[in-house]
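Commentary on secondary and tertiary structure
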Amino acid sequence: MHILLIEDDKNFGLILKNELEAEAHRVDLACDGVEGVLQFIHDHYELVLLDIRMPRLTGTDALRIIHSLDPDVPAIAFSGNAGEREIQETLAAGAKKCLQKPFALSRLKNEMEINIQG
Amino acid sequence: LKSELHLVNGKTGQRRQNLFLFLVFLLLSAGISLTGYFYFRKIEENQRRETGHTLTAIADLKVAQITAWRRERLGDAQVVAENRLLREDLAACLQGRLSASRQDDAVQWMRSLSRAYGYSAAMLFDSNVRPAIIVPGQPGLPESTDIEIARRVMRERRVFLSDLYQTDRAGQIHMDLAIPILATAPGDSPAIGALVIRIDPQNFIYPLIQGWPEPSASAESLLVRRDGDTVLFLNDLRHRKDSALRFRHPMNQAQRPAVQAVLGRTGIMEGIDYRGVQVMAALQPVPGTPWFLVCKVDAEEVFVPLRERSFLLLALAVVLVLACGAGLGIVNSRQTTLIYRRQEEQMAEYRRRLEQTISETNALLKLFVHAASREEYLRQSLELIGGWVGAESVGFRVFDAAGQVREEPFRGFDPEFWRLSSPHRGRADCCSCLQELLAGYKNAGSRWLTSGGSLRIDDLESETARSFLGGVPGTPCSCREYGYRGLAIVPIRTQERVAGTLHLASREAGEPTAESVQLLENLAPILAEAIVRFEIGEELQQHRDHLEEMIQLRTRELATANDQLRREIVERERMEKELLELERLRILADSRKEWQETFDAITDLISIHDTDFVVRKANRAFLDHFGLSAEDVTRHHCYELFHEGACPVEGCPQCTQPAAANPVSREVADPKTGRVFLVSTYPLRRAQGEPGGLIHIARDVTGQKDQEMKMILSERLASLGQMAAGIAHEINNPLATIGTCAEGLLRRLTEGREDPALLRDYLGIIEEEVRRCQTITSGMLSFVRQDRGNRAPLDVHELIDKTLALVGYQGRLRDVEVVRDFDDAPLRVRASEGGLRQVLLTLVVNALDAMEDRGTLTVSAASTDGKVRISVRDTGPGVAPALQNRIFDLFFTTKSGRGGTGLGLPIAHKIARENGGEISVTSSPGQGATFTLILPAN
């Protein structure tokens, strides 16, 4: 599966990319919202994983733009410190699920399976 | 002489004359007025008669005209009725026996008849009263009235002229000339038809009635007839529109000329017409008709010329009456002069006669007056009676100083007699008996009384006189003793009393004669009048004297009262001064007491020290605090009491402050008790400006300090609370990384795919993330850590960085551009670290709040003039000028509902001041705000 991972926390981005690639996924890592949107325009993805709170362009806004380009691409968001309002907005922007950091990798995989199949 | 006596009194004569002249004036005035009135009535009557003649003439003329016109109409009709040729043709026509051309001739004839006379229509009816021919062929003809008239003329078989009537339809007024068409010659032959001719009265009879032969504003003629109980007006009235055959009067209004005319009255009458206006009218019946003619004109119009004349007459009468009055006035003044002249002559004659009588009869005249100042009065009376004392003898004394009568003015009088009656001897002793008899009007014996009310005894030596005098009580008659034989006493009567008596005594019996007595009686009223006048003058003088006396008395009393008053005023002023002094002392005592009470009521320890630290005075709180009495306290130095030391403690304001300088306040911690005092000192100056010690006020602020400390801590905890959520979330990021690393490693381990290189990388990352967490938590802890405000040297740059980091942990700086504008050289201040950290955090957080975590945050730090300036600038909306003074107030916040407590800035301000610094703000709306903290450099 071709996955776009948008995450501003450098360490977490790297580890997650590494772990997902270990599961035989192709993962492109973008380090903020702007870069993520540019990457999405540039390539085709089957799944978008993205952090909600990011500098320059928040995950919510980035997702809105991505869905305006391709309404069918599934997305899963996560955040360490997002408020309830931000989460609701993100779900409204089209995220299938919002996960609270820290979360187990297995949980993410589980969600991915549910949402991609559905 | 007698006849002339009447004129003696000028006043009576004058009065009579006035009355007479007034009566003459009244008679003349009345005569003039009456003449004028009757003349006016005569003119008015003439005018009335003349108008009557005119009206009658006009009425006669009009009636004659109407009668003539009627006669003419009837004559013409009669000719038609009796014309045999015409009758036969018309009969043939009515019976339908006429050829068409002849029929046309009949129509033609009727048409020419109408046209020639100006009739409005002609109608031919057959024996059944059906219309045969009608010219002109107007629609609506004949009307029921025409048919009625046709029926009537066929019944009566004679020509007649109908009354005026209103047609059924148009409401127009007409009268009809009715002509019967008889079968044969007039006689008993029946009518086989009728010719009815309509006449419009507007063309004939109305102009006759309404015309007036001379110009007039109100004159008019009325044609009326009786209609039941009313009078019907047949023509249009001059002053009322559309009245013909519509307007009517009830018959009971007898004052209306129209009513009188209908009742059969003829000739002239005056009455009130239909408008309620006074009119003159001529009434005439119109023969051969039920009509009456009234020619009338307004009375006002008739009498207008009279009014002018009446004004003229009135003016003439007034002028005549005035002239009369003026003439009579002149006569009056002439007569008055004459009366006075005659009076004067009369008086002269009197004097002459009196003198003559006295000298001829050798008589004595004496005068008794019942008045106060006899001497003066006598002088005046003598002048009046005898004319002896002229103008040159004003001030002449009748009696000399010795009481002797002066001979000079009394020629012909017996000096002996005068002497005896002299008022200088007290009461006159002559004939007092008679005098009293007369004065009291007791029965003096009717035989001795004259008709003028005087007493006259012709012979005192006669038997009757002697017996009479013997019976009178009182002093014996002195006249007889002096050899006088005849005596007359004339009373001088005023209105109220007998004011005096005139005595005439004669040596001859039979004298004084009755005539002489009458002479005196005539003099008596004049004297009485003089006495009254004199007495009034006397009385006035007495009143005046009395008044004068009263005034003097009053003046003296007033002077005494004034003295008394002045003394009282002086006394009162003295007493008031004493009272004032007492009051002043009382107020002084009160204010001292009040001051002491105020002083004692204050719970601060207040004491007054001299320059040597000795306590001079202290309040109750001070004494209670140290358990001393007011006397004992003055034996102590202040430092002994406050610090139990032998010398002033370090930092005491009294030591550091020059004695004459300004007030100083400082917090002093007492090392022994551990209490904190806010000590304020105020220098005392003596009157000469020398230092005189100071006032020392110590307030125990230990509790207050604790309270403040708690408040600062609570604010700090509140900030922390707000921070905690952000920071906790911030820690989630490293935790997520660590968790994922651990999960990945564990999985690989389980699956037996250990990769040492990956393991090392992962562990490195875990360590890094753990350190990140640690930095966050230690930053938080250092912020919360409570210090007791102990100051220490601090690195400003480091402190700012730590503060920014703490904020950064909350993720609040992600969208904020942070500019650090620091001096190169390290900056150090001496302050409490916790406090300063709190101040910086407050300023940074406020800036971020203002910018809503977006924009540029500039933190600068610089050192100038021994001071360190730390500025925090944001790019938010700024602070409105009106709020700049309030943002340091406790509990003032613009962020209520968003976590604002109103504590941040006030506490920051307080901490800055405690560390010897201050915080200020500069801002303009829309340009952001800059908060500057200034601290003394270390």
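In this text the structure is predicted, and so the values were computed from the model without any measurement. (Residues numbered from 1 in each chain as written. Chains lettered and ligands numbered in written order. Predicted model: local features only at pLDDT ≥ 70, side-chain atom pairs only at ≥ 80, totals over all residues. Heavy atoms only, no water.)

Some words on the overall build of chain A
- If you tally the helices and strands in chain A, you get five helices and five strands.
- In chain A, which comprises 118 residues, the proportion classed as buried is 53%.
- Contacts spanning at least 24 positions in sequence make up 62% of the contacts within chain A whose residues lie at least 6 apart.
- When the accessible surface of chain A is summed, it comes to about 5200 Å², and 50% of that surface belongs to carbon and sulfur atoms. (Helix = DSSP H or I, 4+ residues; strand = E, 2+ residues; numbered from the N terminus. Buried < 20%, exposed > 50% of the residue type's maximum accessible area, 1.4 Å probe, protein only. Contact = heavy atoms within 4.5 Å. Areas by Shrake-Rupley, 256 points an atom, 1.4 Å probe, with all protein chains shown as cover.)

Digging into the overall build of chain B
- On a plain count of helices and strands, chain B comes out with 23 helices and 28 strands.
- The buried share of chain B, reckoned over its 938 residues, is 42%.
- For chain B, long-range pairs separated by at least 24 residues make up 60% of all intrachain contacts whose partners lie at least 6 apart in sequence.

Thoughts on the pairing of strand S6 (residues 191-199) of chain B
Residue and element names in this part refer to chain B.
- The element S6 is extensively covered by neighbouring structure, given that nine of its nine residues are classed as buried.
- Sheet topology places strand S1 (residues 121-126) next to S6; six bridges connect them, and they run antiparallel. Counterpart to Ala121 in the pairing with S6 is Arg198. (Pairing = 2+ DSSP bridges.)

A look at the nonpolar core
Residues and elements named next belong to chain B.
- Among the nonpolar cores identified, the biggest contains 60 residues, and Leu124, Leu195 and Trp291 are the most heavily contacted of them.
- Sort the elements by how many residues they give to this core and helix H2 (residues 10-82) lands first, with ten residues.
- The residues touching Leu195, leaving out its near neighbours within four places in the chain, are Val80, Trp109, Met110, Leu113, Met123, Leu124, Leu177, Ala178, Ile179 and Ile181.
- Core analysis: the second largest hydrophobic core is formed by 53 residues, Leu720, Ile731, Leu804 and Leu933 among them. (Core = buried A, V, L, I, M, F, W, Y, C linked by side-chain atoms within 4.5 Å.)

Considerations on the interface of chain B and chain A
- On the chain A side, the residues contacting the 22 residues of chain B number 24 residues.
- Linking chain B with chain A are four salt bridges.
- Between B:Arg747 and A:Glu23 there is a salt bridge, and its shortest N-O distance comes to 3.1 Å.
- At the junction of chain B and chain A, the tally comes to eleven residue pairs in polar contact (both at pLDDT 80 or more).
- Looking at the side of chain B that touches chain A, the elements with two or more residues in it are helix H18 (702-751) and helix H19 (756-784) of chain B.
- Top contributing element to the side of chain B that touches chain A by residue count: H18(B), with 13 residues.
- Of the residues that constitute the side of chain B that touches chain A, the class distribution is six nonpolar, seven polar and nine charged. (Salt bridge = Lys/Arg side-chain N within 4 Å of Asp/Glu carboxyl O. Polar contact = N/O pair within 3.5 Å; in protein donor to acceptor, adjacent residues only side chain to side chain. Nonpolar A, V, L, I, M, F, W, Y, C, P; charged D, E, K, R; others polar.)

What about the environment of B:Glu817?
Residues and elements named next belong to chain B.
- Within the element layout of this structure, Glu817 appears in strand S23 (residues 816-822).
- With 41 residues separating them along the chain, Glu817 and Thr858 place their C-alpha atoms 8.2 Å apart.
- Residues within four places of Glu817 in sequence aside, it is in contact with Gly855, Thr856 and Leu857.

Structural notes on the packing of aromatic side chains
Residues and elements named next belong to chain A.
- This structure, assessed with the given rule, holds 13 aromatic pairs over all chains.
- Measuring from centroid to centroid gives 6.0 Å for Phe12 and Phe78, while their planes differ by 80°, and the two rings are edge-to-face. Residue Phe12 is found in helix H1 (residues 10-22), and its partner Phe78 is found in strand S4 (residues 75-79); the two are separated by 66 residues along the sequence.
- Judged by relative accessible area, Phe12 falls into the buried class, the value being 1%.
- A relative accessible area of 0% places Phe78 in the buried class. (Phe/Tyr/Trp six-rings, centres within 6.5 Å; stacked < 30°, edge-to-face > 60°.)

Examining the side chain of B:Ser680
All names here are of chain B.
- Following the sequence through the fold, Ser680 ends up in strand S20 (residues 676-685).
- On the accessibility criterion, Ser680 (8% relative accessible area) is buried.
- In contact with Ser680, other than residues within four places in its own chain, are Val664, Ser665, Ile695, His696 and Ile697.

A closer look at the pattern of salt bridges
Residue and element names in this part refer to chain A.
- Under the criterion given, the structure shown has 50 salt bridges over all chains.
- Put simply, Asp61 and Arg64 hold a salt bridge, and the shortest N to O gap is 2.8 Å. Within this pair, Asp61 and its partner Arg64 are both found in helix H3 (residues 59-69), separated by three residues, close to a single helical turn.
- Looking at Asp61, the relative accessible area reads 30%, which means it is partly exposed.

Some details on the sheet that holds strand S27 (residues 918-923) of chain B
All names here are of chain B.
- Taken in spatial order, the five strands line up as S23-S25-S26-S28-S27 in an open sheet, and their pairing is mixed. Because the sheet does not close on itself, it has two edges, and the strands there are S23 and S27. In this sheet, neighbouring strand axes are inclined to one another by 15° on average, regardless of whether the strands run parallel or antiparallel.
- Here S23 runs beside strand S25 (residues 855-864); their pairing, made up of seven bridges, is parallel. The partner of Asp821 across the bridge, within S25, is Ser860. (Axes fitted to C-alpha atoms, helices over the stretch in contact; angles between N-to-C directions.)

Section: a nonpolar patch on the surface
Residue and element names in this part refer to chain A.
- Where nonpolar side chains cluster on the molecular surface, the patch consists of Leu38, Ile41, Ile65 and Leu69 and spans about 380 Å² of accessible area.
- Listing elements by their share of the nonpolar patch, those giving two or more residues are helix H2 (33-42) and H3.
- Its place among the elements puts Ile65 in helix H3. (Patch = residues over 30% accessible without salt bridge, like charges linked within 9 Å, V, L, I, M, F, W, Y side chains within 5 Å.)

Regarding the sheet that holds S4(A)
All names here are of chain A.
- Pairing within the open sheet is parallel, and its five strands lie in the order S2-S1-S3-S4-S5. One side of each edge strand has no neighbouring strand; the edge strands of this open sheet are strand S2 (26-30) and strand S5 (97-100). Strand-to-strand twist of the sheet, defined as the mean angle between neighbouring strand axes without regard to direction, takes the value 20°.
- In this sheet, S2 lies alongside strand S1 (residues 2-6) in parallel orientation, the contact comprising five bridges. For Ile3, the partnering residue across the bridge sits in S2 and is Val27.

Here's the deal with the packing of H3(A) against helix H4 (residues 84-92) of chain A
Residues and elements named next belong to chain A.
- Their axes nearest at 9 Å, the elements H3 and H4 cross at an angle of 10°. Taken together, the axes of H3 and H4 are roughly parallel relative to one another. Residues Thr60, Leu63 and Arg64 of H3 form the contact with H4, whose own contacting residues are Glu86, Glu89 and Thr90.
- Partitioning the contact of H3 with H4 into residue classes produces one nonpolar, two polar and three charged. (Parallel < 35°, antiparallel > 145°, perpendicular 65-115°, else oblique.)

Looking at unusual backbone geometry
- At the junction of A:Lys101 and A:Pro102, the peptide bond is cis and its omega measures out at -10° in the coordinates.
- Inspection of the secondary structure assignment puts A:Pro102 in the loop between S5 and helix H5 (105-117).
- A cis amide bond links B:Val135 to the next residue, B:Pro136, at an omega of -15°.
- Among the structural elements, B:Pro136 can be located in the loop between strand S2 (131-135) and helix H5 (144-156).
- Its identity as a non-glycine residue notwithstanding, B:Leu245 has a phi of 60°, on the positive side.
- For B:Leu245, a relative accessible area of 10% puts it in the buried group.
- Despite not being glycine, B:Asp853 has its phi angle at roughly 60°, a positive value.
- When you line up the elements, B:Asp853 lands in the loop between helix H21 (833-851) and S25.
- Assessed through its relative accessible area of 23%, B:Asp853 is described here as partly exposed.

A few points about the side chain of B:Thr842
Residue and element names in this part refer to chain B.
- Relative to the assigned elements, Thr842 resides in helix H21.
- Exposure remark for Thr842: the relative accessible area of 11% places this residue in the buried category.
- In terms of polar contacts, Thr842 uses its side chain to reach the backbone carbonyl oxygen of Gln838, at 2.7 Å.
- With residues up to four places along the chain from it excluded, the contact list for Thr842 reads Gly904, Leu905 and Ala908.

Everything listed is a geometric property; what it means functionally is a separate question.
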